[in-house]
Amino acid sequence: QKEVEQNSGPLSVPEGAIASLNCTYSDRGSQSFFWYRQYSGKSPELIMFIYSNGDKEDGRFTAQLNKASQYVSLLIRDSQPSDSATYLCAPQKDYKLSFGAGTTVTVRA
Amino acid sequence: EPEVTQTPSHQVTQMGQEVILRCVPISNHLYFYWYRQILGQKVEFLVSFYNNEISEKSEIFDDQFSVERPDGSNFTLKIRSTKLEDSAMYFCASSGWGRISYEQYFGPGTRLTVT
C-alpha cells in the first residue's frame, strides 16, 4: 500500500466548475495535511492545510479531513484556467511531509 | 513577501564530483528541509534540520549527503560523490512555528544534472 495515494488524473474540468481532488494516507500518526500546487517545472506552492476533522475554507478552496477514514480532499470552486496544475497532497508527521504523486488538473476555457 | 531562495538554479556536474547546493531560508524560520524530485516522480523528503542538527532523515540521505548551516542565513546540502541517479530537482524549504502545524515554504529549486 502506498503511503499517500491520490486519484489518478488527469482531471479535466470546464471553467467555472468544481474540481474535486481526493487523497488517502496510510500513517495514522499523521498530524496535519497540506495541499500544494505545482506548475510544470516549478516548485510546490502551498495552497492550504488542515489538521482537524471537518471542512476548512480559504477563498475558492475547501479542504476536508476525515481521520477515521484516513481521507483528505480538496475542492476548487469556480475553476479558472490558472488553476491548471498538479495538486499534491502531503500529510505531515513531526516535521516530514510525505507527498503523493499528485493529480493533474486541466481547466478548459 | 519573504521567500526561500536557492542557488544555483541549474548545476551540471560529472559523476564522482562533489556539489554544494545553497539555500537562504525565510529569515525568521527555525526549521529547514531538503526535498528532491526526480523527473516525473513524486517529491521525496531528504532531511530536516533544527537547532544546528539533523532532526530527521530519510533512507535516501546516506553518508554521501550532508547538511550545514554555515552562518546565520545559509543552509547547504552537500553531495560528496555524485551518481547519475542523483540527477533531480532539489528543493529547500523552511518553516516557523505554526500552532500544531508547520507550514513549509519551498524555494524555486536547483536542477542537478549528473553526467
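In this text, all values refer to a predicted model and were calculated from it rather than measured experimentally. Sequence positions are assigned chain by chain, starting from 1 and proceeding in written order. For this description, chains carry letters from A and ligands carry numbers from 1, given in the order in which they are written. The model is predicted, so local features are restricted to residues of pLDDT at least 70 and side-chain atom pairs to those at 80 or more, both for listing and for counting; the totals for chains, interfaces and linings are taken over all residues. Side-chain figures throughout are based on the complete set of non-hydrogen atoms in the structure, without hydrogens or water.

**Q** Give a description of the nonpolar core that names residues and reports values.
**A** Across soluble globular proteins, nonpolar side chains have a tendency to be buried as a group. Remark: nonpolar core denotes a set of buried residues (Ala, Val, Leu, Ile, Met, Phe, Trp, Tyr, Cys) joined through side-chain atoms within 4.5 Å. Throughout, exposure labels follow a simple rule: accessible area from a 1.4 Å probe, protein chains only, divided by the maximum for the residue type, with under 20% read as buried, over 50% as exposed, and the rest as partly exposed. Ranked by internal contacts, the top residues of the largest apolar core, which has 22 residues, are A:Leu21, A:Trp35, A:Ile47, A:Val72, A:Leu74, A:Ile76 and A:Tyr87. Where this core is concerned, the elements lending two or more residues are strand S3 (19-25), strand S4 (32-38), strand S5 (45-50), strand S7 (61-66), strand S8 (71-76), strand S9 (85-93) and strand S11 (103-108) of chain A. Each helix corresponds to a stretch of at least 4 residues labelled H or I by DSSP, and each strand to a stretch of at least 2 residues labelled E; elements are numbered beginning at the N terminus. A total of four residues in this core trace back to one element, the largest contributor, which is S3(A). Residues count as neighbours in contact if any of their non-hydrogen atoms are within 4.5 Å of one another. Excluding residues within four positions of it along the chain, A:Ile47 makes contact with A:Trp35, A:Tyr36, A:Arg37, A:Asp58, A:Phe61, A:Leu74 and A:Tyr87. Judged by nonpolar contacts, the second largest core, of 21 residues, contains B:Val4, B:Leu46, B:Phe75 and B:Val114.

**Q** So, the sheet that holds strand S7 (residues 65-68) of chain B: which residues are in play, and what are the values?
**A** All names here are of chain B. The four strands are arranged S1-S3-S8-S7 in an open sheet whose pairing can be described as antiparallel. Of all the strands in the sheet, just strand S1 (5-7) and S7 have a single pairing partner and so form its edges. Each adjacent strand pair in this sheet contributes to an overall mean axis angle of 20 degrees, direction not counted. Following DSSP output, two strands are said to pair if at least two bridges run between them. Axes, fitted as lines to C-alpha atoms, cover a helix only where it is in contact. Angles between the N-to-C directions of the axes lie from 0 to 180 degrees.

**Q** Pulling in residues and values, what's your account of the interface of chain A and chain B?
**A** Contact residues are listed per partner, giving 20 residues for chain A and 21 residues for chain B. Once two parts are joined, some of their accessible surface, as seen by a 1.4 Å probe, is lost; buried area is that loss totalled over both. Approximately 1,800 Å² of surface area, both sides summed, lies buried where chain A meets chain B, with 60% of it carried by carbon and sulfur atoms. Salt bridge, as used here: a side-chain nitrogen of Lys or Arg that lies within 4 Å of a carboxyl oxygen of Asp or Glu. Inspection of the chain A/chain B interface yields zero salt bridges. The definition of a polar contact used here is a pair of N or O atoms within 3.5 Å, where within protein one atom must be able to donate a hydrogen and the other to accept one, and adjacent residues in sequence count solely through side-chain atom pairs. The tally of links between chain A and chain B comes to six residue pairs in polar contact (both at pLDDT 80 or more). Residue assignment for the side of chain A that touches chain B shows that the elements contributing at least two residues are S4, S5, S9 and strand S10 (96-97) of chain A. Residue classes follow a fixed rule: Ala, Val, Leu, Ile, Met, Phe, Trp, Tyr, Cys and Pro count as nonpolar, while Asp, Glu, Lys and Arg count as charged, and any other residue, Gly among them, counts as polar. Per-class residue counts for the side of chain A that touches chain B are 11 nonpolar, five polar and four charged.

**Q** Before we move on, can you summarise unusual backbone geometry with the specific residues and values?
**A** Excluding glycine, most residues fall at negative phi; most peptide bonds, likewise, are trans. Looking along the chain, the bond that leaves B:Thr7 and enters B:Pro8 is cis, with omega of -10 degrees. By the secondary structure assignment, B:Pro8 is in the loop between S1 and strand S2 (10-13). At A:Asp78, a residue that is not glycine, the phi angle is positive and equals roughly 50 degrees. Considering the arrangement of structural elements, one finds A:Asp78 in the loop between S8 and S9. Overall, A:Asp78 belongs to the partly exposed group, its relative accessible area being 39%. For A:Asp94, which is not a glycine, the phi torsion comes out positive at approximately 55 degrees. The topology assignment puts A:Asp94 in the loop between S9 and S10.

**Q** Go over the state of the cysteines with me, naming the residues and quoting the values.
**A** All names here are of chain A. Disulfides are defined as cysteine sulfur pairs within 2.5 Å. Taken as a whole, this structure holds two disulfides over all chains when the rule is applied. Across the disulfide from cysteine 23 sits cysteine 89; the S-S distance is 2.0 Å. Linking cysteine 23 and cysteine 89, the disulfide has an S-S dihedral of approximately -70 degrees and is accordingly described as left-handed. Here cysteine 23 is found in strand S3, whereas its partner cysteine 89 is found in strand S9, with 66 residues between them in sequence. Here cysteine 23 matches cysteine 89 in class, with each residue buried.

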